[in-house]
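Topology and contacts: notes
Okay, here's what each chain looks like letter by letter:
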Amino acid sequence: MGCGSCASGGCGTKEGSAVSGCGSNGTCGTGGCNKMNVFDWLSHMDVPASQKFDVVEVKFKGGRKEYFRNINQVDFVTGDYVVCEMASGQHIGTVSLQGELVRLQMKRKNVAISDDIHVIYRVANEKDLDKHTQAMAREMPTLYRTREIIREMKLNMKLSDVEFQSDNTKTTFYYSSEERVDFRELIKSLASEFKVRIEMRQISLRQEASRLGGLGSCGRELCCSTWLTDFKNISTSAARYQNLSLNPAKLSGQCGRLKCCLNYELETYIDALRDIPTIDAPLKTKKGVATLQKTDIFRKIMWFGFEKDTNWYPVAIDKVLEIIDLNKKDIIPESLEILTPEPEKKIEKGAQSLNSDLANLDRKYSEEQKKKKKKKNRSGNKNRGAKPPQATTPSTPQ
């Protein structure tokens, strides 16, 4: 992908100009050309040669960046391969940044500007690039063979990457381990095997993921392999603040640690949570005891559910605060929606007196009916107890 407005022609926008760098013309399939890229937003500004900052940022394998002095005042283009001075020998890298932005980057990383900084010898020619390609071709076989040696020695370490110096005089082995490893015998074995100077460099799991690269669960390249350089501590409280389920499979990244993106929006959630009340006990209503089920932080809505009800009821934060205050005063509201308890129904005086008169009449009538029934029962019992009169026969005259 070309920028469309490149003044130097280094990206291939000018006719007849070659693309600097790997020569993929923007069709790089591995993404290795985009690791830790920095946009030079001061590149269009012309600075006098006497005032131009002479330190250049050079990128090596795995996104590793170092700073070198341009003592020969060579005009570089971002992406040029350059031969750099190293502690032992030479190495080839690509120019990633130059100008005043390099001064800002060195200040941010606390790199002192002094004469001890290594220099850039020249732009790499074809012979240098061929030698660099041969050194890179040795990396994968060396990685596999070293893993076999580690397995034979039964060392508790994980070898993740190997980097050969362009002049084939030094090899750096990147490994990770949870405990201290005694690799003195390993270094002797590797030195006799590959005939180069050996350097063992231990890296963390996050640094390992940033060197190897990959795709995250969001579908994009890993942040640590594209732009993130500072690895901060991440705890599970960051997931709790954001109401995320504490599922290790979903919260862990490719490195096996908690995802760095959990910290991106943490401050926003903490600011929003200041208005959210803490629910220490369930809310008491006449409908039942309401338990907090979910909180929508940004909409400021809290969802409550009752014991024998499968539905959740949304309640605004203002109402939740009112219900908490009522419960502290031993006042139980009707429900989550109706906070004021219903007043007792008062009967009007006229209707109350009329109803009382009717009730008295009913009571009086019912008592009279009971008295009449008692009298009838008594008279019936007397008639049953009396003897019937005996029949007399008429006398006949003699």
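1. Regarding the sheet that holds strand S9 (residues 283-285)
- The strand order across the open sheet built from four strands is S9-S10-S11-S12, with neighbouring strands paired in antiparallel fashion. Two strands lie at the open edges of the sheet, namely S9 and strand S12 (312-316), each paired on one side alone. Direction aside, neighbouring strands of the sheet carry axes that sit 40° apart on average.
- When strand S11 (residues 301-305) meets S12, the two strands line up antiparallel, connected through five bridges. Bridge pairing in S12 links Met-302 to Val-315.
- Contacts from helix H10 (residues 317-328) reach S9, S11 and S12, with the element oriented near 90° to S12.

2. Considering unusual backbone geometry
- The backbone of Asn-168 shows a phi angle near 60°, a positive value even though the residue is not glycine.
- Along the chain, Asn-168 falls in the loop between strand S6 (158-164) and strand S7 (170-176).

3. Digging into the packing of aromatic side chains
- A complete count under the given rule lists five aromatic pairs for this structure.
- A cation over a ring is seen here: Arg-211 above Tyr-174, with NZ or CZ 3.8 Å from the ring centre.
- The side chain of Lys-294 reaches across the aromatic face of Trp-303, ending 5.0 Å from its centre.

4. Observations regarding the packing of helix H2 (residues 126-137) against helix H3 (residues 139-153)
- Packing of H2 against H3 brings their axes to within 5 Å, and their N-to-C directions diverge by 25°. Taken together, H2 and H3 sit at an angle that is classed as roughly parallel. Residues Ala-135, Met-136 and Ala-137 of H2 form the contact with H3, whose own contacting residues are Glu-139, Met-140 and Pro-141.
- Class assignment for the residues of the contact of H2 with H3 results in five nonpolar, no polar and one charged.

Analysis parameters
Residues numbered from 1 in each chain as written. Predicted model: local features only at pLDDT ≥ 70, side-chain atom pairs only at ≥ 80, totals over all residues. Heavy atoms only, no water. Pairing = 2+ DSSP bridges. Helix = DSSP H or I, 4+ residues; strand = E, 2+ residues; numbered from the N terminus. Axes fitted to C-alpha atoms, helices over the stretch in contact; angles between N-to-C directions. Contact = heavy atoms within 4.5 Å. Phe/Tyr/Trp six-rings, centres within 6.5 Å; stacked < 30°, edge-to-face > 60°. Lys NZ or Arg CZ within 6 Å of the ring centre and 35° of its normal. Parallel < 35°, antiparallel > 145°, perpendicular 65-115°, else oblique. Nonpolar A, V, L, I, M, F, W, Y, C, P; charged D, E, K, R; others polar.

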